[in-house]
Amino acid sequence: MFKGKIWMWVFVGLVMVSLLLFAHSNLTYAAQEEEAVEYGWLSLLPAIIAIGLCFITKQPLPSLMIGVFVGATITKNWNPLAGYTRTLEVAVEQMTDSWKAAIMLFTLIIGGLVGLVFLGGGVYAFAESMKTRLRNSKMGQLTSFLLGWIIFFDDYTNTVAVGNSLRGVSDALRISREKFSYIVDSTAAPVATIALVSSWIGYEVGLIKEALEAAGSTISAYKVFIDSLPLKFYSIFALVLLLMVVLSGRNFGPMLKAEYRARTTGKVFADGARPLSGGVTLKIKEGIPYKVSNMVVPILSLLVITMFSLWWTGGGPEVPFGEAISNTDAAKSLLWGSMGAVVVTIFYFSLQRLANLSEMMDSFIDGAKMMLIGLLILITAWSIGAITSEMGAGPFVVGLTKDLPIEIVPIGMFIICCFISFATGTSWGTMAIGIPIAIPLGLAVGINPAVISSAVLTGAIFGDHCSPISDTTVMSSIFAGSDLMDHVNTQIPFALLAAFATVIGYIIMGVTGFNYWFWPIIWAVGLIFMWLALVYLSNRSARKLGLTPEKELWEKLSS
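Sequence order as written defines the numbering, with residues in each chain counted from 1. Confidence filtering applies because this is a predicted model: local features only for residues at pLDDT of at least 70, side-chain atom pairs given and counted only at 80 or more, and all residues used for totals across whole chains, interfaces and linings. Only hydrogens and water are set aside; all other atoms, that is, all heavy atoms of the structure, feed into the side-chain values.

## Section: the overall build of the chain
Test applied: A run of DSSP states H or I qualifies as a helix once it reaches four residues; a run of E qualifies as a strand once it reaches two. Both are numbered from the N-terminal end. Every residue pair with non-hydrogen atoms within 4.5 Å of one another is taken to be in contact.
The number of helices and strands found in the chain is 27 helices and zero strands. Taking as baseline every contact in the chain between residues at least 6 positions apart, the subset at least 24 positions apart corresponds to 79%.

## Let's talk about the pattern of salt bridges
Side-chain pairing between opposite charges can occur once the charged atoms of the two side chains come close. We count it as follows: When a carboxyl oxygen of Asp or Glu is within 4 Å of a side-chain nitrogen of Lys or Arg, the pair counts as a salt bridge. To sort residues, take the accessible area from a 1.4 Å probe on protein chains only and compare it with the maximum for the residue type: under 20% means buried, over 50% means exposed, and anything in between is partly exposed.
Scanning the model with the defined rule gives twelve salt bridges in all. Arg263 is the salt-bridge partner of Glu259, the closest N and O atoms lying 2.6 Å from each other. Separated by four residues within a single helix, Glu259 and Arg263 lie in helix H14 (residues 254-265), roughly one turn from each other. Look at Arg263 and you get buried, because its relative accessible area is 8%. Notably, a salt bridge pairs Lys285 with Glu359, separated by 3.3 Å at the nearest N-O pair. One end of the pair, Lys285, is in the loop between H14 and helix H15 (293-313); the other, Glu359, is in helix H18 (residues 357-370), with 74 residues separating them in the sequence. Through salt bridges with shared partners, a single network forms among Arg86, Glu89, Glu93 and Glu390.

## Focus: helix H25 (residues 484-511)
Here is the rule: The span expected for a helix works out to 1.5 Å for each residue beyond the first. In this analysis the local bend is the angle between axes fitted, respectively, to the seven residues ending at and the seven residues starting at the residue.
With 28 residues, H25 ought to run about 40 Å at 1.5 Å a step, and its terminal C-alpha atoms sit 40 Å apart, in line with that. At Gln491, H25 shows its maximal kink, close to 35°; a proline, Pro493, follows between one and four residues later. Most of H25 sits inside the fold, with 21 of its 28 residues counted as buried. One or two residues past the end of H25 sits Gly513, with phi positive at roughly 70°.

## Some details on the confidence of the model for the chain
What counts, and what does not: pLDDT expresses how confident the predictor is about each individual residue, on a scale running from 0 to 100.
Per-residue pLDDT for the chain averages 83, and the proportion of residues at 70 or more is 90%. Across residues 22-34, where pLDDT falls below 50, the model places 13 contacts with residues more than four positions away in sequence or in other chains.

## Details of the environment of Ala161
Checked against the element boundaries, Ala161 lands in helix H8 (residues 155-172). Taking the C-alpha atoms as reference points, Ala161 and Phe479, separated by 318 residues in sequence, lie 8.4 Å from one another. Those residues in contact with Ala161 that sit more than four places away from it in its chain are Leu147, Ile151 and Leu303.

## Focus: unusual backbone geometry
For Arg174, which is not glycine, the phi dihedral falls at a positive 60°. Structurally, Arg174 is set in the loop between H8 and helix H9 (177-186). Here the phi dihedral of Arg353 falls at roughly 60°; this positive angle occurs in a residue that is not glycine.

## Side note on the packing of helix H4 (residues 80-96) against helix H5 (residues 98-119)
For clarity, the cut-off: Inter-axis angles, ranging from 0 to 180 degrees, are taken between N-to-C directions of lines fitted to C-alpha atoms, where helices are fitted over the stretch in contact. Reported orientations rely on four angle classes, namely roughly parallel under 35 degrees, roughly antiparallel over 145, roughly perpendicular from 65 to 115, and oblique for the rest. Three categories are distinguished: nonpolar for Ala, Val, Leu, Ile, Met, Phe, Trp, Tyr, Cys and Pro, charged for Asp, Glu, Lys and Arg, and polar for the others, with Gly belonging to the last.
One can describe the packing of H4 onto H5 by two numbers: an axis separation of 5 Å at closest approach and a directional angle of 75°. When the axis of H4 is compared with that of H5, the two are roughly perpendicular. Between H4, through Gln94, Met95 and Thr96, and H5, the contact on the second element is made entirely by Ser98, Lys100, Ala101 and Met104. Across the contact of H4 with H5, the residue classes tally to three nonpolar, three polar and one charged.

## Observations concerning the packing of helix H21 (residues 409-424) against H25
Operational definition: Each helix crossing is assigned a hand: it is left-handed if the near helix lies turned anticlockwise from the far helix by less than a right angle, otherwise right-handed if that turn is clockwise.
Contact geometry of H21 with H25 gives a least axis separation of 9 Å together with a crossing angle of 160°. Judged on the interaxial angle alone, H25 and H21 are roughly antiparallel. In this structure, H21 meets H25 at a crossing whose hand is right-handed. Across from Pro410, Ile411, Phe414, Ile415 and Phe422 in H21, the residues of H25 making contact are Ile492, Ala499, Thr502, Val503, Tyr506 and Ile507. Each residue belonging to the contact of H21 with H25 can be placed in one class, and the counts come to ten nonpolar, one polar and no charged.

## A look at the packing of aromatic side chains
Heads up, the condition is: Two rings from Phe, Tyr or Trp (for Trp, the six-membered ring) form a pair when their centres are within 6.5 Å of each other. A pair whose planes differ by under 30 degrees is stacked, one over 60 is edge-to-face, and the rest are tilted.
In this structure the tally under the stated criterion is 15 aromatic pairs. Judged by centre distance (4.5 Å) and plane angle (40°), the rings of Phe252 and Phe494 are tilted. You can see Phe252 sitting in the loop between helix H13 (233-248) and H14 and its partner Phe494 sitting in helix H25, a full 242 residues away along the chain. There is no split in this pair, since Phe252 and Phe494 are both buried. One aromatic cluster is present, built from ring pairs that chain together Phe233, Phe237, Phe414 and Tyr506.

## Quick word on the environment of Ser541
Checked against the element boundaries, Ser541 lands in helix H26 (residues 519-544). Accessibility expressed as a relative area gives 15% for Ser541, which makes it buried. Residues Ser541 and Leu256, 285 residues apart in the sequence, show an inter-C-alpha distance of 7.5 Å. In this structure, Ser541 is in contact with Phe252, Gly253 and Leu256, ignoring residues within four places of it in sequence.

## Considerations on the side chain of Arg167
Here is the rule we go by: All tallies of charge rest on Lys and Arg as positive and Asp and Glu as negative; His and the ends of each chain are not included.
Here Arg167 is to be found in helix H8. No salt bridge forms around the buried Arg167; measuring N to O, its nearest opposite-charge neighbour Asp171 is 5.9 Å away. With near-sequence residues (within four places) excluded, Arg167 lies in contact with Val114, Val162, Arg177, Phe180, Ile478, Phe479, Ala480 and Gly481.

## Focus: H26
Taking 1.5 Å as the rise per residue, H26 with 26 residues should run 38 Å; its terminal C-alpha atoms sit 36 Å apart, in good agreement. Of the positions making up H26, those classed as buried are Trp519, Ile522, Gly526, Met530, Ala533, Leu534, Ser538, Asn539, Ser541 and Ala542. At the C-terminal side of H26, Gly546 shows a positive phi close to 75°.

## Brief notes about the state of the cysteines
Selection criterion: Disulfides are defined as pairs of cysteine sulfur atoms found within 2.5 Å of each other.
A complete count under the given rule lists zero disulfides for this structure. Not engaged in a disulfide, the cysteine Cys466 finds its nearest cysteine sulfur in Cys418; these two sulfurs lie 8.2 Å apart. Of the residues examined, Cys466 reaches a relative accessible area of 1% and is grouped as buried.

Below, the structure is given as structure tokens:
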């Protein structure tokens, strides 16, 4: 009971302290002239408070808002009233940013699309159809994994398609929502960042190009990017580790408890879980034929229209396909694709006379309502990232690498970028901070630009993959229908294992004098290490929970 209410007491305490500070403050902020301030370690305080409260209270929304309030108060010379108004300003800034506004509208429209598909019986028919084809949980998880690879061109589209199309099937196969959201999340950003064609490439290549030019280098930015692909160890190891887990049925830590609960009791949620669906119950139209096409047509139209939009907004006919996808406007394309899919679905259902326009609009609104809690968390996650960036958290942390020995510079950059991305919840922001520093530093000390840039790019994925304030983590929870903190708690142990294997990889790079062609050996060492660690940790967790003998347990969890 205490833990459930602790966030309230924390909030009350912060308010009281703030009022005391204000009472004793002789500062009138409005009359002061703003000056650039270096906050040092204080720049990390908002993120530390927000993430810490998320884990303690399992209430992400108030936890993130408290973090934003603390950061805003610090930037306003510890004036709590100015901090209060700045907190609201930061939230408004996130909502009025054109890219983020498009993502918010896209999320609402996707929710509406889900409501329509549910109304037409498509979800029910698809789930029933897949039950006859997917005989056990292993096949269900493997199908989710493979679909995540197929939709490689954008991480947001990936989470939408995989989460919405297979969530019902996952439940029918007694796969925990924690495990399903882990699969959805792990095949989103990690896949997009190593794909040869994706909405990420143009951004990454652009950052590398600017950094090389600033350092006076004539090396091709695209060549550096291509060379960095096999060195993005975290992305690669995270994907391979997921495949190991799916095929072996082995789990450890909180994920083992979640999977054992789901498989033995059928409860896909933990007790007290709060899925990011707003408690809305979607309605299915009775007395109509439930056809798989009522789900396939909407999802397929979403993918086709989005893919076309990605190509069109990136230059369309004027440039090659790969270049267009790499330089696309992802937010606008997702918005076009989602709205286009809604129009196609309404037209398709009207041809079948499944429902009238009023019924379809009611279902669309119900579906959009499901997204409201997730949207609020997304806005506050963006806000905490914005306030920590405003305080200079990224440059401060990256600056700590300047005195590192050359052999551990890539390791240092990787760990620091992991920390920044986890604390700010943004992979792209971390890349923008790290690349301009890492590449000139690497060139100055003789490190291959592909090696040093890969450390930044793959380190940035860590936080995007598992931070509770990452937009991809939040959206994976939304579309997988899971509790955000249950998803984070169960996924972090696996993310840390992949990160530890990555550190070993960069140690080998340093020992070998940054020999590029050692990457196949590093892959082999990383895979062996992760498998041995998975076996040890899974057996240890099973014994700790009293779930033995282990062999029968893993067979049960993959059946």
